[in-house]
Amino acid sequence: MTRADDRKRNWFAKFFQRNPVVPVVRLHGTIAAESRPGRLNIAGVEPLLQRAFTMKSAPAVAIIINSPGGSPVQSRLISKRIRELADQHKKPVLVFVEDVAASGGYFIAVAGDEIFVDPSSIVGSIGVIMSGFGFVEAINKLGIERRVHTAGRNKSTLDPFMPQKAEDVERIKSVELEIHQVFIDHVKAYRGAKLKADDDTLFTGEWWTGLRGVELGLVDGIGDIYATLRERFGPKVELKIIAPKKPMFAMPRLGLSTGTLVDELSTSLDDRAHWSRFGL
């Protein structure tokens, strides 16, 4: 082969060489089974993960997480699906935490091979919480009579209009401890030897800054998605955002019923409560 042939071959190789492309899935919102804007669940996330992991030329999959938590079931399903697809397609998963990956948000983050945070990110909150309100005295003052008929002596557990019973609290606590253990086992399974503190420190439900998370081994390092991916895959790496597909035809919302308004207000307040726990 002549020198001219070498030059020609190098020219063609350089011309047709593609920059590495890393798919990015952004998971933002509280975690709940109900599908609506600002909510994360397996039904909405799974199609995005499928598209990301089936990009054959991608050297890795990046996942951005910004979630204060929510449903333990949906958190586990999403985290489990990330690992299944990563193992199936043999692609490393790099997780990047923005403001917060706490509780269920951290449960999902643990599925990554590496977790990167901002120094001021919030991580952890490895615990379980069930909360509500009691309106017994309120309805008494209003002269309202509460009528409840059940089949099964425990069917009215957590009814906010009935007095709280010690046996109900004990049973709820038992359920919380079981779910908490699932969370603990999940973190230990995927973080393993990376954890740098004992159980009494890590699994109390406490949350920490990104800097402290690195020290505890809950996350791997400080880094944003752009700098980290350039360092890993070169300065010409490209990020491809995997976003939900928009329907071709969408019917406009002409109005909301009173019931719908109340439901949306309730959902908004619930989401706000999740975020406000971390000052967000």
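**Student:** Please explain the pattern of salt bridges as it appears in this structure.
**Tutor:** Note that side chains of opposite charge can pair when their charged atoms are close. A full pass over the atoms with the stated rule returns 12 salt bridges. Here Glu98 ties to Arg26 by a salt bridge, and the two come within 2.8 Å at their closest N and O atoms. Highlighted residues: Glu98 in strand β5 (residues 93-102) and Arg26 in strand β1 (residues 21-28), separated in sequence by 72 residues. For Glu98, a relative accessible area of 30% gives the class partly exposed. Taking relative accessible area as the criterion, Arg26 reaches 39% and is therefore assigned partly exposed. Beyond isolated ion pairs, a larger network of salt bridges with shared partners links Glu46, Lys80, Arg81 and Glu84.

**Student:** Can you help me understand the packing of aromatic side chains in this one?
**Tutor:** Any two aromatic rings considered together are summarised by their centre-to-centre distance and by the angle between their planes. Scanning all chains against the criterion turns up two aromatic pairs. Geometrically, the ring pair formed by Phe96 and Phe116 is stacked, given 5.4 Å between the ring centres and 20° between the ring planes. One end of the pair, Phe96, is in strand β5; the other, Phe116, is in strand β6 (residues 114-117), and 20 residues separate them in sequence.

**Student:** I'm lost on the pairing of strand β4 (residues 61-67) in this one. Help?
**Tutor:** Two faces make up the sheet, and in a regular strand the side chains alternate between them. Most of β4 sits inside the fold, with seven of its seven residues counted as buried. Both faces of β4 are covered, namely the face carrying Val61, Ile63, Ile65 and Ser67 and the face carrying Ala62, Ile64 and Asn66. When β1 meets β4, the two strands line up parallel, connected through five bridges. Across the sheet, His28 pairs through a bridge with Asn66, a residue of β4. When β4 meets β5, the two strands line up parallel, connected through six bridges. Its bridge partner lying in β5, Ile65 is registered against Val97. With helix α3 (residues 72-89) bridging β4 and its parallel neighbour β5, the resulting β-α-β unit is right-handed.

**Student:** Please explain the packing of helix α2 (residues 42-53) against α3 as it appears in this structure.
**Tutor:** Any two packed helices are characterised by how steeply their axes cross, that is the angle between the axes, and by the distance between the axes. For the pair α2 and α3, interaxial distance at closest approach is 10 Å and the crossing angle is 15°. Taken together, the axis directions place α2 and α3 in an arrangement best described as roughly parallel. Both α2 and α3 take part in a crossing whose hand is right-handed. Together, Ile42, Val45, Glu46, Leu49, Gln50 and Phe53 of α2 and Gln74, Leu77, Ile78, Arg81, Ile82, Leu85, Ala86 and His89 of α3 make up the contact between the two elements. Residues of the contact of α2 with α3, tallied by class, amount to nine nonpolar, three polar and two charged.

**Student:** Looking at this structure, I do not really get the nonpolar core. What am I missing?
**Tutor:** Ile63, Ile82 and Tyr106 are the most contacted members of the largest nonpolar core, which totals 43 residues. The set of elements that each furnish at least two residues to this core consists of β1, α2, β4, α3, β5, α4 (104-109), β6 and α6 (166-191). Counting residues per element, this core draws most heavily on α2, which supplies five residues. For Tyr106, the residues in contact, after removing those within four places along its chain, are Ala101, Ile115, Gly124, Ile126, Phe183, Val187, Arg191 and Leu218. In terms of nonpolar packing, the next biggest core, distinct from the first, is built from 10 residues, Val22, Leu94, Phe96 and Ile225 among them.

Calculation criteria
- Residues numbered from 1 in each chain as written.
- Predicted model: local features only at pLDDT ≥ 70, side-chain atom pairs only at ≥ 80, totals over all residues.
- Heavy atoms only, no water.
- Salt bridge = Lys/Arg side-chain N within 4 Å of Asp/Glu carboxyl O.
- Helix = DSSP H or I, 4+ residues; strand = E, 2+ residues; numbered from the N terminus.
- Buried < 20%, exposed > 50% of the residue type's maximum accessible area, 1.4 Å probe, protein only.
- Phe/Tyr/Trp six-rings, centres within 6.5 Å; stacked < 30°, edge-to-face > 60°.
- Pairing = 2+ DSSP bridges.
- Right-handed = clockwise from strand over helix to strand, strands pointing away.
- Axes fitted to C-alpha atoms, helices over the stretch in contact; angles between N-to-C directions.
- Parallel < 35°, antiparallel > 145°, perpendicular 65-115°, else oblique.
- Left-handed = near helix turned anticlockwise from the far one by under 90°.
- Contact = heavy atoms within 4.5 Å.
- Nonpolar A, V, L, I, M, F, W, Y, C, P; charged D, E, K, R; others polar.
- Core = buried A, V, L, I, M, F, W, Y, C linked by side-chain atoms within 4.5 Å.

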